[in-house]
Amino acid sequence: MKLVKLLCAAAVGCMMAAPMAVSTAWAQDQIVIKFSHVVAPETPKGKGADKFKELAEKLTAGKVKVEVYPNSQLYKDKEELEALQLGAVQMLAPSLAKFGPLGAKEFEVFDLPYIFPSKEVLQRVTKGEIGRKLFQKLESKGIIGLAYWDNGFKIMSANKPLIKPEDVKGLKMRIQSSKVLDAQMRALGALPQVMAFSEVYQALQTGVVDGTENPPSNMYTQKMHEVQKNATLTDHGYLGYAVIVNKKFWEGLPADVRGKLEEAMKEATDYANDIAQNENDVALAQMKASGKTEFHTQTKEEREAWIKALKPVHKDAESRVGKDLIEAIYKEAAAAGFKM
């Protein structure tokens, strides 16, 4: 059924994605961009997608219509990349971890625990040469990368206090499909469980998994705090997204339309990234106020213990994501005053 669904949708999508030998048709017909994502509209990504829709339609004077489909309405996160490649949708904003299974394993560097000691270091990567070179890895997959969107740093949650790294041992922890995230959880002695984002709440509620990792905004909008008794503000990992488009569709657009969409994306990116930290702060405050989850703030010593426990994951990942790439990020951290 999955393949049938994708192929049927692609029959229409491929028409949208065809090279623009018939570019004059675009002048007459409204261009529709289906923008699918898997999180709630209230999250930074959800708000960013809505902002892009607003700007794209305004700047193109209605030549482009953007249809935003949140909360896995069209596809779950395991399906959406295939749908994009087939042309069933034109735009996605998947988490960066999704590109490893697609064959662009270098993107899994973003999953390394404690690889980004500050937001400044992160931005030096995503806004610089490293980020541009990573996007080039997607072109052979029929994908164009347009922008990096933040959703902040992740916290660990479970139904028991997670004070020391060894407290995670034996727990079934939900992760995205990522070899690096798998290695991260195994380094803590946990049992990693790959699962679609839309299925996590029920899995936590029924005990299929014991815990997970997410930025506060995702945890709150998916109501995971209602089924998790404890969480620790580890900030151990980064969750970011790449806004991507079907390559044939994008390159087939008239140059003036593409230019306006690039302008809209730049402004939407600034907006989404500016609100990400505030959205996480508000979500954390609301979860604390609910009293359903007890949040633990790490001491300096506790944080150092987690870093020590997880640092070997960097070394283990060198053969997969590239030693040169990891060292390039270390250099960006050093330039910002951090010793890795």
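Preceding block: the structure.
Bear in mind that the values here come from a model prediction, so they are computed numbers and not experimental data.

Scoring rules and cut-offs
Residues numbered from 1 in each chain as written. Predicted model: local features only at pLDDT ≥ 70, side-chain atom pairs only at ≥ 80, totals over all residues. Heavy atoms only, no water. Pairing = 2+ DSSP bridges. Helix = DSSP H or I, 4+ residues; strand = E, 2+ residues; numbered from the N terminus. Contact = heavy atoms within 4.5 Å. Axes fitted to C-alpha atoms, helices over the stretch in contact; angles between N-to-C directions. Parallel < 35°, antiparallel > 145°, perpendicular 65-115°, else oblique. Left-handed = near helix turned anticlockwise from the far one by under 90°. Nonpolar A, V, L, I, M, F, W, Y, C, P; charged D, E, K, R; others polar.

A. Examining the sheet that holds strand β2 (residues 64-69) more closely. Spatially, 5 strands are ordered β2-β1-β3-β10-β4 in an open sheet, and the strand pairing comes out mixed. If you trace the sheet from one side to the other, it starts and ends with β2 and β4 (143-153), each paired once. Here strand β1 (residues 31-36) runs beside strand β3 (residues 91-92); their pairing, made up of 2 bridges, is parallel. Its bridge partner being in β3, phenylalanine 35 is matched across the sheet by methionine 91. Running at roughly 130° to β4, helix α7 (residues 129-136) makes contact with β4 and β10 (238-246) of the sheet. Strand contacts of helix α12 (residues 255-290): β1, β2, β3, β4 and β10, with the helix running at about 15° to β4, the strand carrying the most contacts.

B. Expanded view of the packing of helix α6 (residues 119-126) against helix α15 (residues 323-335). Close contact between α6 and α15 brings their axes to 9 Å; oriented N to C, the two are set at 130°. By the angle between their axes, α6 is oblique relative to α15. For the crossing formed where α6 meets α15, the hand is right-handed. Of the residues in α15, those in contact with Val121, Arg124 and Val125 of α6 are Ile329, Glu332, Ala333 and Ala335. Looking at side-chain class alone, the contact of α6 with α15 contains 5 nonpolar, no polar and 2 charged residues.

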